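# Report on the structure
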Amino acid sequence: MDIATLRSTHPEHWKKACAIRALAMDAVQAANSGHPGMPMGMADVATVLFEKHLKFDASQPRWGDRDRFILSAGHGSMLLYALMHLTGYQDMTIDQIRAFRQWGSITAGHPENFLSPGIETTTGPLGQGIANAVGFAIAEESLRARFGAKIVDHRTWVIAGDGCLMEGISHEAIGLAGMQKLSRLIVLWDNNSISIDGAVSLSDVTDQRARFAAAGWKVLHCDGHDPADIDRALSEAKRSDRPVLVDCKTHIGFGSPKKQDSAGAHGSPLGPDEIKATKAIYGWDHDAFVIPADILKSWRAIGAQGAAARTEWETRLAALSPAKQAEFARQMAHGPSKKLTAAIRALKADASAKAPKVATRKASEMVLAAVNPVLPETIGGSADLTGSNLTNAGGLGIFDATNRKGRYIHFGIREHGMAAAMNGMFLHGGVRPYGGTFLCFTDYARGAMRLSALMGVPAVYVMTHDSIGLGEDGPTHQPVEHLAICRATPNTWTFRPADLVETAEAWELALTTDRTPSVLALSRQNLPTVRTRHTAKNLTAQGGYVLADATGKRMAILMASGSEVEIALKARDLLEAEAIGTRVVSMPCMELFAAQPESYRRKVLPAGPVRVAVEAAVRQPWDRFLLGERGREARAGFVGMEDFGASAPAERLYQEFGITAEKVAERVKAML
């Protein structure tokens, strides 16, 4: 529909949609940075969505049964910010709109979930939003099965662009959503045929409608500038028994006389003259950032119309028993469970007494068997490696279209999609997600793992086969640099436990933090129990601790994690036999050790003794504790990997790469 027809046939809609367009143009111009074209193109779709279909209450942006709205095309953030301001979100003031992309504002270049309660998830890296949305929809289905449709009954709406659909993660996400028949998920595709480089046809010929249909989605289409047609498509979408793609054909930079339908409207301001000309075409005769009172009143009424649905929901929630209300509130807020601590302590005591020799991936399975029954909010899964990751400890049931009470998901070979869905599940509320693959394949999940850290989402990444100890699969599967990559990521805990006790402690920490994702790097090979003396205290929470001390004068300190703690202990025996007093420090989590008071770190790593770190990975992250923390290069050594691995049995690999107790002892003696 052209502008003249739109203005004449839908004048009230036109004015509301133009308020979005005007704010987007003005804010991007003031910042001299941003993407005005997408908000200008999708303003009609967004107006219909918020006015007629989205269940929300701007005065209570976090009420539990609201619809979730995700702007996957996060570069068009001014669309979201304009909608939030116009509908009356308290924190999204006109001053925040004026401060778009400026220091200290909540209107960041791309939406960030921790800046405003009206922003469901951080988007901008294309494809992440649509993949998060799959997790949101999974969480909604799971909670509806747990608490009933009177308490949980909402949709997840997504606006995605051409770039989102080109990113590989979108393929993983739509395949998973289609298989799961997530009928409460509706994606509105901003089909404007333009990317930053120019026409989408320069780089892509995909028939997106056919692609989604092939993945099991219902596919609809509409004129993205015809409010009646948009309303028709969205109404039909809500009746589907499958996830829905609505192809909204739009014009990027709608109305701009020189930049509509061009890359010029995509990633830069229109310029003062072009804004003036565009506003004249709109019939918008108002200064920058000024919204006429009548238009703002109409928008504020839209923001308030969901209050009735919210209060009705609150009445239904209040009708539940006090215990069920409290449990719903706890799960939605990711609150702690008293039962978790008791389960972990019992498991630790049993492990210290019986001293099993098991792989830490098996130890993780044992922890899950104890934890999942007392934490009904956990949902786990694996990227097609369940039998290797041991992430299904039994008793969970499979989550699928026939069993929404199931708590185990077969994600398929979709590491990136799995990780992004986990982010969405947690952000929705009510779910503590964990997912497994091989540590080497964090490479495939990296984009979403980084966003877990950025957003403060404590997803648990169960990453098994953590070193050359996996053996015959060879260097393609043997992680060497991956621990360093994970440890380099801010706000991430990388746990590499040495036995069942440390594994239990790591899980306890991972399941009780409210903002830090965890990577559990777990062994394929069996490891002995090194913590044979039970303590209720969670020593892994200290990051590193003295596992075995020198019997005489302390001359050496050996630091190790995971499977190499056993090697360090054997090296200590060799050195102690030669009257070389040796301390062994287990370092299951460098990040937590670095966060301890300096006085504690000094006690664990005092000045003086030579230091050797042992880990079947690259040296890089260890230098902080070898050269820093009162260490010095002349008295510091490392036994580990300097290159990629090889294909052979694990025992042979450790010998060939020199990661042995004898080599550790030799390294110590060479520095004394």
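These figures come from a predicted structure and were not determined experimentally.

The rules behind these values
Residues numbered from 1 in each chain as written. Predicted model: local features only at pLDDT ≥ 70, side-chain atom pairs only at ≥ 80, totals over all residues. Heavy atoms only, no water. Pairing = 2+ DSSP bridges. Helix = DSSP H or I, 4+ residues; strand = E, 2+ residues; numbered from the N terminus. Axes fitted to C-alpha atoms, helices over the stretch in contact; angles between N-to-C directions. Salt bridge = Lys/Arg side-chain N within 4 Å of Asp/Glu carboxyl O. Buried < 20%, exposed > 50% of the residue type's maximum accessible area, 1.4 Å probe, protein only. Contact = heavy atoms within 4.5 Å. Polar contact = N/O pair within 3.5 Å; in protein donor to acceptor, adjacent residues only side chain to side chain. Expected span 1.5 Å × (residues − 1). Arc of directions from axis to C-beta. Phe/Tyr/Trp six-rings, centres within 6.5 Å; stacked < 30°, edge-to-face > 60°. Core = buried A, V, L, I, M, F, W, Y, C linked by side-chain atoms within 4.5 Å. Parallel < 35°, antiparallel > 145°, perpendicular 65-115°, else oblique. Left-handed = near helix turned anticlockwise from the far one by under 90°. Nonpolar A, V, L, I, M, F, W, Y, C, P; charged D, E, K, R; others polar.

In this section: the sheet that holds strand β17 (residues 610-615). With respect to topology, 5 strands assemble into an open sheet ordered β14-β16-β15-β17-β18, the strand pairing being mixed. Taken across any chain shown, the strands that pair with only one partner, and hence form the sheet edges, are β14 (545-548) and β18 (636-640). When the angles between neighbouring strand axes are averaged without regard to direction, this sheet yields 30°. Strand direction decides the pairing type here: β14 and strand β16 (residues 581-586), joined by 3 bridges, are antiparallel. Note that in β16 the partner of Tyr545 across the bridge is Ser586.

Before going further, it helps to spend a moment on the sheet that holds strand β6 (residues 218-223). Whether parallel or antiparallel, the strands of a sheet pair through hydrogen bonds between backbone atoms. Across the sheet, 5 strands lie side by side as β1-β2-β3-β7-β6; this open sheet has parallel pairing. Looking at the sheet topology across the chains shown, the edges are occupied by β1 (68-71) and β6. On average, each strand axis in the sheet is tilted by 20° relative to the strand beside it, whichever way the strands run. Strand direction decides the pairing type here: β1 and strand β2 (residues 156-161), joined by 4 bridges, are parallel.

Tallying each qualifying case throughout the model produces 41 salt bridges. Residues Asp57 and Arg310 are paired through a salt bridge, measuring 2.5 Å at the closest nitrogen-oxygen approach. With Asp57 in the loop between α3 (37-52) and β1 and Arg310 in helix α13 (residues 307-318), this pair connects stretches of sequence that are 253 residues apart. Summarising the burial analysis for this pair, Asp57 and Arg310 share the class buried. In the salt-bridge network here, residues are joined through shared partners; they are Glu140, Glu141, Arg144, Asp153, Arg184 and Arg404.

Tracing the backbone shows His482 in helix α20 (residues 482-488). Ignoring anything within four residues of it in the chain, the contact list for His482 reads Leu439, Cys440, Thr442 and Asp443.

Inspection of the secondary structure puts Ser170 in helix α8 (residues 168-180). On the basis of relative accessibility, which here comes to 0%, the residue Ser170 falls in the buried class. A polar contact is formed between the side chain of Ser170 and the backbone oxygen of Leu165, at a distance of 3.0 Å. The residues touching Ser170, leaving out its near neighbours within four places in the chain, are Ile130, Cys164, Leu165 and Arg211.

Right, let's get into helix α12 (residues 293-304). In this model, α12 (12 residues) spans 16 Å end to end at C-alpha, consistent with the 16 Å of a helix rising 1.5 Å per residue. Restricting attention to buried positions, one finds in α12 the residues Ile295, Trp299, Ile302 and Gly303. Buried residues of α12, seen end-on, are gathered within an arc of 100° and therefore sit on one face of the element. Exposed residues on α12 whose side chains face more than 90 degrees from its buried face are Ala293 and Lys297. The secondary structure elements touched by the buried residues of α12 are α2 (11-31), α3 and α4 (77-87).

Turning our eyes to something else, we now look at the pairing of strand β3 (residues 185-191). Counting buried positions along β3 yields 7 of 7 residues, so the element is predominantly enclosed. Because side chains alternate across β3, one face comprises the buried residues Leu185, Val187, Trp189 and Asn191, and the other comprises Ile186, Leu188 and Asp190, equally buried. Note: β2 against β3, 6 bridges, orientation parallel. Its bridge partner lying in β3, Ile159 is registered against Leu188. Sheet topology note: the β3/strand β7 (residues 244-249) ladder contains 6 bridges and is parallel. Among the inter-strand pairings, Asp190 is bridged to a residue of β7, identified as Cys248.

For the rest of this paragraph, the subject is the packing of aromatic side chains. Considering all chains together, one arrives at 15 aromatic pairs under this definition. Ring geometry for Phe147 against Phe328: centres 5.0 Å apart, planes inclined by 80°, an arrangement best described as edge-to-face. Of this pair, Phe147 sits in helix α6 (residues 128-147) while Phe328 sits in helix α14 (residues 322-332); the two residues are 181 residues apart in sequence, bridging distant segments of the chain. The interplanar angle of 65° and the centroid separation of 6.2 Å between the aromatic rings of Phe593 and Tyr600 together place this pair among those described as edge-to-face.

This part takes up α2. Compared with the 30 Å implied by 1.5 Å per residue over 21 residues, the 30 Å span of α2 between its first and last C-alpha is a close match. Within α2, 16 of the 21 residues are buried, which leaves it mostly tucked inside the rest of the structure. The first or second residue beyond α2 is Asn32, which carries a positive phi of 55°.

In this fold, Gly41 is placed in helix α3. C-alpha separation for the pair Gly41 and Gly76, spaced 35 residues apart in sequence, amounts to 10.0 Å. Residues contacting Gly41, with those up to four places away along its chain left out, are Gly224, His225, Thr250, His251, Gly253 and Phe254.

A few words on the nonpolar core. In this structure, Phe50, Met78, Leu79, Leu188, Val246 and Trp299 are the most contacted members of the largest nonpolar core, which totals 70 residues. Broken down by element, the residue count for this core peaks at 12 residues, all from α2. In this structure, Trp299 is in contact with Lys16, Ala19, Ile20, Thr47, Phe50, Leu83, Leu86 and Thr87, ignoring residues within four places of it in sequence. Core analysis: the next-biggest nonpolar cluster, separate from the first, contains 54 residues, Ile138, Ala160, Cys164 and Leu245 among them.

Turning our eyes to something else, we now look at the packing of α2 against α3. Across the interface, α2 lies against α3 with an axial gap of 9 Å and an inter-helix angle of 130°. Judged by the inter-axis angle, α2 sits oblique to α3. In the packing of α2 onto α3, the handedness of the crossing is right-handed. For the pair α2 and α3, the contacting residues are His13, Lys16, Ala17, Ile20, Arg21, Ala24 and Met25 in the first and Pro39, Met40, Ala43, Asp44, Thr47, Val48 and Glu51 in the second. Grouping the amino acids of the contact of α2 with α3 by side-chain chemistry returns 8 nonpolar, 2 polar and 4 charged.

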